[in-house]
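Structural characterization, general
Residues per chain, in single letters:
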Amino acid sequence: MGLAAAATTHKWMILGKPPKFSIKNPHNLFGKTLVFCSPNSPTHFNSLLCIRVNSVHSKSPSIRTHHPIQELLLLLAFSLTLLCFRLLSNALLPDFPLHWQRFIAFSRKAEAQTKSYPKHLWQAIVAYEDRRFFRHFGIDPVGIGRAVLSFSARGGGSTITQQLVKNTFLKNERTFSRKILEMVLALVLERTMSKQRILSSYVCKIYWGHGINGIESASKFYFGKHPSLLSLAESAMLTGLIPAPELRSPLRDHTSGKTFQARVLKRMVQVGFLDIEMALLTVRQPLHLHLSREEHADGLSVELGVGEKNRQNEEGTESTWDSERESKIREVCEEMERWALKVRLRST
């Protein structure tokens, strides 16, 4: 044994520490310094473990950290979500859960109340207001697309379900956020109740002019009868009032009742609910209005027709024949006949 080795061994025996050698391997691909200890060393196992861990880490990729751009995008998405929630909540009426519960109870009552209503009343409303009501899922993509392409200033594309949601749960502000929320609630409502219940709630809730809400009050106000007794002509006239009941009211212009009645009958023919002959027969029939108003204790009776004397009983007097009114009503009938002729020619 050489003098150097003997000196090292003597030092180990005195200090009680194992010899430790550090070898720098120039051919090591990972540039690591390998430490070797004596097998009898208490740190031998730890040394082997360190070598094993270093080898594994050298082969695995480095730990990934969040990039600042990713964190910024996440923060931006979260902020936009909160903003949308705030905007949508502003469009809702206060105490929305309470309004929802009350509406569910109202819809059940409305469906039971309208079971005796005639079929032509439902057909007139669907044909004039939302012809694809029984086929869409609360939102009508075809109607929305048509409204967008036509650039209609009056809007359009809203389904009966959307109109019901707007009149029940939302504020009157015309904003983009309100329109989005209207669509969302329409989808929810379509999955909550049946189509017939939605339609029943609609006719029992919408405004019919002169401070009247609901089809039952409107039928008694304009015709002095229950909705179950409405004729086809009367149902068509009431339906024609829905888009603008105050402007189209027969109280403003007695001829408007026949004008919008004819429009509804045309829609019913186009949808397939009615044939042309029945539509022509209906528009030629006199339309008797019995307007019961508080300011007129005796009521107001108006007959809208052609070839018969119109009577207007108010404060015990009878009016003379109104030739201008008859002329306008005759024009409505003639226009309806010309339209029917065009339809027949196209179908042949």
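On a predicted model such as this, the values are computed, not experimentally measured, just so you know. (Residues numbered from 1 in each chain as written. Predicted model: local features only at pLDDT ≥ 70, side-chain atom pairs only at ≥ 80, totals over all residues. Heavy atoms only, no water.)

**Remarks on the overall build of the chain**
Of regular secondary structure, the chain possesses 14 helices and eight strands. Expressed as a percentage of the 348 residues in the chain, the buried residues total 37%. Pairs at least 24 apart in sequence give 59% of the contacts found in the chain among residues at least 6 apart. (Helix = DSSP H or I, 4+ residues; strand = E, 2+ residues; numbered from the N terminus. Buried < 20%, exposed > 50% of the residue type's maximum accessible area, 1.4 Å probe, protein only. Contact = heavy atoms within 4.5 Å.)

**Notes on the packing of helix α4 (residues 96-113) against helix α7 (residues 160-169)**
Two elements in contact, α4 and α7, have axes whose closest approach is 11 Å; the angle formed by their N-to-C orientations is 125°. The angle between α4 and α7 places the two elements in the oblique class. Here the hand of the crossing between α4 and α7 comes out right-handed. Two secondary-structure elements touch here, α4 through F96, H99, W100 and F103 and α7 through L164, T168 and F169. Of the residues that constitute the contact of α4 with α7, the class distribution is five nonpolar, two polar and no charged. (Axes fitted to C-alpha atoms, helices over the stretch in contact; angles between N-to-C directions. Parallel < 35°, antiparallel > 145°, perpendicular 65-115°, else oblique. Left-handed = near helix turned anticlockwise from the far one by under 90°. Nonpolar A, V, L, I, M, F, W, Y, C, P; charged D, E, K, R; others polar.)

**Remarks on the pattern of salt bridges**
For side chains of opposite charge, pairing can occur when their charged atoms come near one another. In this structure the tally under the stated criterion is ten salt bridges. The closest approach of N and O atoms between R178 and E182, which form a salt bridge, is 3.0 Å. With a gap of four residues between them, R178 and E182 both fall in helix α8 (residues 176-190), about one helical turn apart. On the accessibility criterion, R178 (9% relative accessible area) is buried. Where E234 meets K225, a salt bridge forms, and the shortest distance between an N and an O atom there is 3.1 Å. (Salt bridge = Lys/Arg side-chain N within 4 Å of Asp/Glu carboxyl O.)

**Points about the nonpolar core**
The biggest cluster of nonpolar side chains holds 41 residues, and the ones touching the most others in it are I125, L189, Y202, W208, F223 and L238. Looking at this core, the elements with two or more residues in it are α4, α5 (119-129), α7, α8, α9 (195-205), α10 (215-223), α11 (232-240) and β5 (287-293). Excluding residues that lie within four positions of it along the chain, Y202 makes contacts with I125, E129, I160, Q163, L164 and I242. The next biggest cluster of nonpolar side chains, apart from the first, holds 21 residues, and it includes L232, M268, A279 and W339. (Core = buried A, V, L, I, M, F, W, Y, C linked by side-chain atoms within 4.5 Å.)

**Digging into the side chain of T159**
Inspection of the secondary structure puts T159 in the loop between α6 (141-150) and α7. According to the relative accessible area criterion, T159 is buried, its value standing at 1%. Of note is the side chain of T159, whose polar atom sits 2.7 Å from the backbone oxygen of G138. There is a polar contact of 3.1 Å between the side chain of T159 and the backbone nitrogen of Q162. Beyond its immediate sequence surroundings of up to four residues, T159 is in contact with D130, H136, G138, I139 and D140. (Polar contact = N/O pair within 3.5 Å; in protein donor to acceptor, adjacent residues only side chain to side chain.)

**Some details on the confidence of the model for the chain**
It should be kept in mind that the predicted coordinates are not to be read in detail where pLDDT is low. Residues of the chain with pLDDT of at least 70 account for 65%, and the chain-wide mean is 76. Counted against residues more than four places away or in other chains, residues 294-300, with its pLDDT under 50, gives 13 contacts. (pLDDT = per-residue confidence, 0-100.)

**Focus on a nonpolar patch on the surface**
A contiguous nonpolar surface patch, about 370 Å² in accessible area, is contributed by F176, I180, V184 and V188. Structurally, V184 is set in helix α8. (Patch = residues over 30% accessible without salt bridge, like charges linked within 9 Å, V, L, I, M, F, W, Y side chains within 5 Å. Areas by Shrake-Rupley, 256 points an atom, 1.4 Å probe, with all protein chains shown as cover.)

**Considering the environment of G143**
With respect to the secondary-structure elements, G143 resides in helix α6. Judged by relative accessible area, which is 3%, G143 ranks as buried. Distance from G143 to G157, taken between C-alpha atoms, is 4.3 Å for residues 14 residues apart in sequence. Beyond its immediate stretch of four places on either side in the chain, G143 contacts R132 and G157.

**Concerning the packing of aromatic side chains**
One pass over the full model with this rule turns up six aromatic pairs. Here F103 and F169 contribute two aromatic rings whose centre-to-centre distance is 5.5 Å and whose plane-to-plane angle is 75°, an arrangement assigned as edge-to-face. Taken together, the positions of F103 in helix α4 and F169 in helix α7 put the pair 66 residues apart, joining distant regions of the chain. Judged by its relative accessible area of 3%, F103 is buried. Note on F169: relative accessible area 1%, which makes it buried. Here the aromatic cluster, defined as three or more aromatic residues joined through ring pairs, consists of W100, F103, F106 and F169. The cationic tip of K195 hangs over the ring face of F133; the distance from NZ or CZ to the ring centre is 4.6 Å. (Phe/Tyr/Trp six-rings, centres within 6.5 Å; stacked < 30°, edge-to-face > 60°. Lys NZ or Arg CZ within 6 Å of the ring centre and 35° of its normal.)

**Side note on the environment of R325**
Tracing the backbone through its elements, the reader meets R325 in helix α14 (residues 323-347). The exposure class of R325 is buried, given its relative accessible area of 9%. Through-space distance from the C-alpha of R325 to that of T255 is 6.4 Å; in sequence the pair is 70 residues apart.

**As for helix α13 (residues 276-284)**
Taken residue by residue, α13 has I276, A279, L280, T282 and V283 as its buried positions. Angular distribution of buried residues about the axis of α13 spans 165°; they occupy a single face of the element. Elements that come into contact with the buried residues of α13 comprise α11, α12 (256-271) and α14. (Arc of directions from axis to C-beta.)

**Focus on α14**
Taking 1.5 Å per residue, 25 residues should reach 36 Å; α14 reaches 36 Å between its end C-alpha atoms and fits that length. Of all the residues in α14, the buried ones are R325, E326, I329, V332, C333, M336, W339, A340 and V343. (Expected span 1.5 Å × (residues − 1).)

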